[in-house]
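# Notes for the structure review
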Amino acid sequence: MMACMSQASAPKRVRIRHFQAAKAAGERITALTSYDAMTAAVFDEAGIDVLLVGDSAATTVLGETSTLPVTVDELIPMARSVARGVSRALVVADLPFGSYERGPEQALDTAVRFMKEAGVQAVKLEGGVRSHATIKRIVEAGIPVMAHIGYTPQSEHGLGGHVVQGRGDSAERVRADARAVQDAGAFSVVLEMVPAVLAAEITRELAIPTIGIGAGAECDGQILVWTDAMGLGTGRVPRFVRKYADLRTTLLDAASAYRDEVKSGAFPSAAESFEDQTS
Ligand SMILES: Nc1nc(=O)c2c([nH]1)NC[C@@H]1CN(c3ccc(C(=O)N[C@@H](CCC(=O)O)C(=O)O)cc3)CN21
Ligand SMILES: CC(C)C(=O)C(=O)O
Ligand SMILES: [Mg+2]
């Protein structure tokens, strides 16, 4: 978002007003997921604008097969780690499945927990028209909300799998969801797995920035799950992912080398050991 801005106007901390400014200036917003202080510090230094503590932690960190099992109590310590790890990026926490669907009051309680206990700057939740009152309630309490429409992974079973949303006649539904979250006061909206042409139209139609994942090149920003983008996944990655590194191979080679050197006695050397007397 700020790479092509002058140093003077580049923000010390990314804030939601910078999102509107970035959209107005046509500057792309960059986002990655993060689940710990180590990666958060690296992505922050790289100038990534937004770090999302996604409920994708379920599949990436916790080894589950979907996002459904992760709980608020599991996600809060990760979100706190990410918030501690950054000095510039805006940290957003996903509200996990089951922690907001009962209604605006349950959702606000959960959002407040993330603000108080994790120290994030915003929360994200899934759903458009169906989440309108919930988004409105949280925003009215002074908590910025990032919306998430199109393919919403917490509804995987209701949607019948990882299916592109908004093809053909269902485009109007996604458009209505986009208008609903903007009207409810969301400061930005994730568009997941929608046709590129539809995502471009929604991006032009909305005043708030769109952050795409599998939604083509014309969104106002892009987000990826960091372990997918950097090759630390185990299984298949979705086709919208581009691989920017092969960390799995890097780590495998390093762990194998360490193992071999311990087995052979090459590690540790004298320099990596202590003498009896200090000199
Ligand atoms: N590691 C990870 N990356 C993600 O992008 C991600 C998660 N986890 N968890 C939450 C959701 C689930 N998402 C997914 C998961 C799988 C596909 C997938 O397999 N897509 C197929 C097409 C659909 C199909 O044939 O099943 C593809 O080839 O892209 C897509 C999105 C996106 N989100
Ligand atoms: C993929 C992004 C948008 C997400 O919701 C997550 O990582 O949980
Ligand atoms: Mg999520």
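This text follows the structure it describes.
The sections below set out a description of the structure shown in this document. Here the structure is a predicted model, which means the values were calculated and not measured. In every chain, residue numbers begin from 1 and rise along the written sequence. As they are written, the chains are lettered A onward and the ligands numbered 1 onward, keeping that order. pLDDT decides what is reported in this predicted model: residues at 70 or higher carry local features, side-chain atom pairs at 80 or more are listed and counted, and totals for whole chains, interfaces and linings draw on all residues regardless. Only hydrogens and water are removed before side-chain values are computed, so all heavy atoms of the structure are retained for them.

This part is about the site of ligand 1. The criterion for a residue being near a molecule or strand is simple. One of its heavy atoms has to lie within 4 Å of it. Around ligand 1, the structure places 13 residues, and the nearest of them are H162, E192, D228, R236 and R239. Whenever a nitrogen or oxygen atom comes within 3.5 Å of another N or O atom, the pair is scored as a polar contact, on the condition that within protein one atom can donate a hydrogen and the other can accept it, and that pairs from neighbouring residues in sequence are kept only if both atoms are in side chains. Note that a nitrogen atom of ligand 1 is positioned 3.3 Å from one of the side-chain N or O atoms of T59. Within the side chain of R236, an N or O atom sits 3.3 Å from an oxygen atom of ligand 1. Per-residue and other accessible areas were derived by the Shrake-Rupley procedure at a 1.4 Å probe size, with only the shown protein chains allowed to occlude residues. For ligand 1, the accessible surface in isolation is 650 Å², of which the surrounding protein chains cover 72%.

Next up on the list: the nonpolar core. Judged by nonpolar contacts, the single largest core of 58 residues is most densely connected at L51, F114, I138 and L191. Strands are runs of DSSP state E lasting at least 2 residues, helices are runs of H or I lasting at least 4, and numbering of each runs from the N terminus. Ranked by the residues each element gives to this core, the list is headed by helix 4 (residues 72–85), at six residues. In this structure I138 touches L95, A107, L108, A111, V123, L125, I143 and V145, once residues within four positions along its chain are discounted. Nine residue types can take part in a nonpolar core, namely buried Ala, Val, Leu, Ile, Met, Phe, Trp, Tyr and Cys, and a core is a set of them joined through side-chain atoms within 4.5 Å. Relative accessible area decides the class of each residue, using a 1.4 Å probe on protein chains only: under 20% of the type maximum gives buried, over 50% gives exposed, and in between gives partly exposed. Counting 16 residues, the second largest nonpolar core, distinct from the first, contains V14, L52, L90 and I211. Any two residues whose heavy atoms approach within 4.5 Å are treated as being in contact.

Strand order in the closed barrel made by the eight strands is 1-2-3-4-5-6-7-8, with parallel pairing throughout. Across the sheet, the mean angle separating the axes of adjacent strands is 25 degrees when strand polarity is ignored. Across three bridges, strand 3 (residues 90–94) lies against strand 4 (residues 122–126) in parallel orientation. If you follow V92 over to strand 4, its bridge partner there is A122. Paired strands, in this sense, are two strands between which DSSP finds at least two bridges. Axis definition: a line fit to C-alpha positions, over the contact stretch in the case of helices; interaxial angles, taken between N-to-C directions, run 0 to 180 degrees.

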